[in-house]
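Chain and residue survey
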Amino acid sequence: MAHFEKANSINEWMDQRLAVNTLKKVMQTEYWIPKNINFLWAMGMVLAATFGLLLVSGIFLLMYYKPDVNLAFDSVNYTIMSEVGYGWLWRHIHGVAASVVFLVIYIHMFTGIYYGSYKKGRELIWLSGMGLFVAFSAEAFSGYMLPWGQMSYWAGMVITNLFSGGSLEAYGLVEWIRGDYVPGDAFLTRFFMLHVLLIPLAIIGLIVLHFGTLRIPHVNNQDGEEIDFEEAAELYKAGNVKESKVIPFSPVFLSKDVFVMGVYFIIFFYLVFYKFEFAMDPVNFDPANGLKTPAHIYPEWYFLWSYEILRPFSKDLGLIAFAIAQVIFFALPFLDKSPNVAPASRRGKFHIWFWLMLVDMIVLTFMGKLPPTDALFANIGLVAALLFFALWIALPIITKSEKKL
Amino acid sequence: MSSRRDFMGKALGGFTAVGGIAALYAMKRSWDPLPSVKAAGFTTIDLSAAQPNVLNVEKWRGKPIFVLKKTADMKKDDRDVIIGSDRFLIAIGLCTHLGCIPAYVPDDKKFKCACHGGEFDTSGHEIFGPPPSPLEIPPFKVEGTKVVLGEAGPEYKKMLDAGLTV
């Protein structure tokens, strides 16, 4: 057995057994963050905090929710909303956070794209982040099934039908995923399992990985400058705080993060208390009915851009386009051939590419919400979908010709 | 010594792989539709009271079934179910694009899907929009003026062999 001295404090006692002081150094006081960043660098912690809110509100919803096609709708809309004390609060936090979390994810992603934070050793940060995006998408979809309203049912129908693979007509696979010919009890209970256990486990694992991938390449900065972190850290530790280009993650950087989070939570809880309707689709307040399709089926706003890519093409082509759109962002670090890690504003053609991509995705989002009947909007949607793919094809070409800064 | 350790490693790895594959099979089977779900798959429809150009929607295996008695001016089709002198469209009422239920518009004599704008004629053929194939015909068996869904009768098998449905 190892030799232990008598400890003089709780901290010392813990340190002897768990090396808590080393842990604190590695994770907080000597984890170095560049000074040259802005509020957009706080989005990671904003996301972590929003995930925490989803977890806590979800735990309380879980206590009264009943995963059964006959009971689910009332357990949410009657029991939780009008019987459980403050049940409405957990539901509105959960619904609003599920919507807002995607807005912050998109801001976080486009910040990374703008500043080139996916290159030169930071590829894994991007890949694990995209893994999180996919896991959050699956989490959002499976959660959307649970109130078992009309949109739950028909979104479940449409999305599981995607797995028939168009002309492959793999209906056996679709029925296997559902456990029934149509979404039914087996479907609801397995998506309930995915939503409350398997996918959250995957998300927590991916968050740990995402943080881990940051450790060695470190956080990027506003100029894409390659900082000698060891030298800068020595300077900071020697007391030359002003001259050093870095600050410790905790408590210095975190205190700035907490300020941004404070502003964020004021807006967030304003939405929860006064403007929660945007996250509650009125169609989903009708109980699921397999014999009546709602007049217009559309996904939540954060899936609209990829839905719009599915829509304007024929069935097979649409599915292929949709499948590519789902995974193409994973390839970003490998399609950007430029050696420069710099903000898009200094990268010539890439600057145009960035804004075109952002605006195109916003256009796709708006077109995805509109009914399919209007020819003008359908054509705008088609052009936007084609532009999306044209931009991805253009990316390696324009970045290859980019001059080294 | 190391060869003995290698052998042990390979043996352990082999058993683990077999166990892993067996576990995957068990997991796959657990997601299969239950026997009770599969057994509840027969529905009988009486067609004697049907009115022409009025759509009836029945339920079979949780799916809507379109039953439409054709009027004399509607085009005849090999997919029609013939009972006496009457012709019927009997089809699964889910759009072959992504599974929404098209609505019947009696004045236009068309099915229109609200999700992505697909349209079908009174024989279930796709005539507009993204649907890649006609409305599917469920397995059926004619018994007098009744039709049993879920059981494949000779008329259904003929359609299947002719490739009129999947």
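Please read these numbers as outputs of a predicted model, since none were measured by experiment.

**Overview of the overall build of chain B**
Along its length, chain B carries three helices and eleven strands. The order of α-helices and β-strands along chain B, N terminus first, is α-α-β-β-β-β-β-β-β-β-β-β-β-α. Taking 15 Å as the expected radius of gyration for a compact globule of 166 residues, we find that chain B reaches 24 Å, considerably beyond that expectation. Dimensions of chain B, computed from the C-alpha atoms along their principal axes, are close to 90 × 35 × 25 Å.

**Details of the overall build of chain A**
Within chain A, the secondary structure is distributed over 16 helices and two strands. Its C-alpha atoms give chain A a radius of gyration of 24 Å, near enough to 22 Å, the size a compact globule of 405 residues would have. Dimensions of chain A, computed from C-alpha atoms along their principal axes, come out at roughly 70 × 60 × 45 Å. Put simply, chain A has 405 residues, and 35% of those count as buried. In chain A, of all internal contacts separated by at least 6 residues, the share reaching a separation of at least 24 is 75%.

**Observations concerning the interface of chain A and chain B**
The interface is formed by 29 residues belonging to chain A together with 23 residues belonging to chain B. Contributing elements (two or more residues each) for the side of chain A that touches chain B: α7 (150-161), α8 (171-178), α9 (185-215) and α13 (315-327) of chain A. For the side of chain A that touches chain B, the element with the highest residue contribution is α7 of chain A, accounting for four residues. Taken together, the residues of the side of chain A that touches chain B sort by class into eleven nonpolar, eleven polar and seven charged.

**Focus: the domain arrangement of chain B**
Entries for chain B in the domain assignment read domain 1 (2-32) and domain 2 (39-161). A straight line from the C-alpha centre of domain 1 of chain B to that of domain 2 of chain B covers 49 Å.

**Description of the sheet that holds strand β3 (residues 63-69) of chain B**
Consider a sheet: its strands pair through backbone hydrogen bonds, and that pairing is either parallel or antiparallel. Residues and elements named next belong to chain B. Pairing is antiparallel in the open sheet, where four strands are placed in the order β2-β3-β5-β4. The open sheet has two free edges, formed respectively by β2 (55-60) and β4 (81-83), since each of these has just one partner strand. Between one strand and the next, the sheet's axes are offset by a mean angle of 30 degrees, whatever the strand orientation. Across five bridges, the pairing between β3 and strand β5 (residues 86-92) is antiparallel.

**With respect to the pairing of β3 of chain B**
Residue and element names in this part refer to chain B. Most of β3 is tucked away, with five of its seven residues classed as buried. Strand direction decides the pairing type here: β2 and β3, joined by six bridges, are antiparallel. Looking at β3, one finds that Leu55 is bridged to Leu68. Hairpin connection, β2 to β3: the antiparallel pair is bridged by two residues, and Arg61 has positive phi, about 50 degrees.

**Focus on the packing of helix α3 (residues 43-62) of chain A against helix α5 (residues 87-115) of chain A**
Packed helices, taken two at a time, are described by their axes: the angle between them and the distance between them. All names here are of chain A. Where α3 contacts α5, the axes come no closer than 9 Å and their chain directions differ by 160 degrees. One finds that α3 runs roughly antiparallel with respect to α5. For the element pair α3 and α5, the recorded crossing hand is left-handed. Class assignment for the residues of the contact of α3 with α5 results in 16 nonpolar, seven polar and one charged.

**A look at the domain arrangement of chain A**
All names here are of chain A. As assigned here, chain A comprises domain 1 (19-297) and domain 2 (304-405). Averaged C-alpha coordinates put domain 1 and domain 2 at centres separated by 23 Å. Domain 1 puts 21 residues into the contact, and the matching count from domain 2 is 16 residues. Those elements that provide at least two residues to the side of domain 1 that touches domain 2 are α5 and α6 (123-145). In the side of domain 1 that touches domain 2, the residues fall into nine nonpolar, eight polar and four charged.

**What to know about the nonpolar core**
With 105 residues, the main nonpolar core has Ala97, Trp154, Ile309 and Leu364 of chain A together with Ile90 and Cys100 of chain B as its most contacted residues. Ignoring anything within four residues of it in the chain, the contact list for Leu364 of chain A reads Leu304, Trp305, Glu308, Ile309, Gly381, Ala384, Ala385 and Phe388 of chain A.

**Points about the sheet that holds strand β9 (residues 126-128) of chain B**
Residue and element names in this part refer to chain B. An order of β6-β7-β8-β9 is seen for the four strands of this open sheet, with the pairing classed as antiparallel. Of all strands in the sheet, those with a lone pairing partner are β6 (103-105) and β9, marking the two edges. Of the strand pairs in this sheet, strand β8 (residues 119-120) and β9 are connected by two bridges, and their pairing is antiparallel. Within β9, the position partnered with Phe120 by the bridge is Glu126.

**As for α3 of chain A**
Given a rise of 1.5 Å per residue, 20 residues ought to cover 28 Å, and the 28 Å separating the end C-alpha atoms of α3 of chain A matches this to within 8%. Structurally, α3 of chain A contributes buried residues whose contacts are with α4 (72-83), α5 and α11 (249-274) of chain A.

**Considerations on the environment of Met157 of chain A**
Residue position: Met157 of chain A is located in helix α7. With 25 C-beta atoms packed within 10 Å, Met157 of chain A lands in the buried category. Through-space distance from the C-alpha of Met157 of chain A to that of Tyr307 of chain A is 15 Å; in sequence the pair is 150 residues apart. In this structure, Met157 of chain A is in contact with Val182 and Pro183 of chain A together with Gly99 of chain B, ignoring residues within four places of it in sequence.

**Let's talk about the packing of α6 of chain A against α9 of chain A**
Residue and element names in this part refer to chain A. Axis separation between α6 and α9 bottoms out at 9 Å; the angle between their running directions is 160 degrees. Looking at the two axes, α6 sits roughly antiparallel to α9. Here α6 and α9 pass one another in a crossing that is left-handed. Split by residue class, the contact of α6 with α9 holds 17 nonpolar, eight polar and one charged.

**Structural notes on unusual backbone geometry**
Of note, the bond from Ser250 of chain A into Pro251 of chain A is cis; its omega dihedral lies within 30 degrees of zero at 5 degrees. Position of Pro251 of chain A relative to the elements: it lies in helix α11. A positive phi is found at Tyr86 of chain A, a non-glycine position, where the angle reads about 60 degrees. Following the sequence through the fold, Tyr86 of chain A ends up in the loop between α4 and α5. We note that Arg61 of chain B has phi near 50 degrees; this positive angle belongs to a residue other than glycine.

**Things to note about the confidence of the model for chain B**
Scored by pLDDT, chain B has a mean of 89; 99% of the residues are at 70 or more. We note a pTM of 0.88 for the whole complex and an ipTM of 0.77 for its interfaces.

So, how was this worked out
Residues numbered from 1 in each chain as written. Chains lettered and ligands numbered in written order. Predicted model: local features only at pLDDT ≥ 70, side-chain atom pairs only at ≥ 80, totals over all residues. Helix = DSSP H or I, 4+ residues; strand = E, 2+ residues; numbered from the N terminus. Rg over C-alpha atoms; globule rule 2.2 N^0.38 Å. Buried ≥ 20, exposed ≤ 12 C-beta atoms within 10 Å, placed from the backbone. Contact = placed C-beta atoms within 7 Å. Nonpolar A, V, L, I, M, F, W, Y, C, P; charged D, E, K, R; others polar. Domains from an automatic or database assignment. Pairing = 2+ DSSP bridges. Axes fitted to C-alpha atoms, helices over the stretch in contact; angles between N-to-C directions. Parallel < 35°, antiparallel > 145°, perpendicular 65-115°, else oblique. Left-handed = near helix turned anticlockwise from the far one by under 90°. Core = buried A, V, L, I, M, F, W, Y, C linked by C-beta atoms within 7 Å. Expected span 1.5 Å × (residues − 1). pLDDT = per-residue confidence, 0-100.

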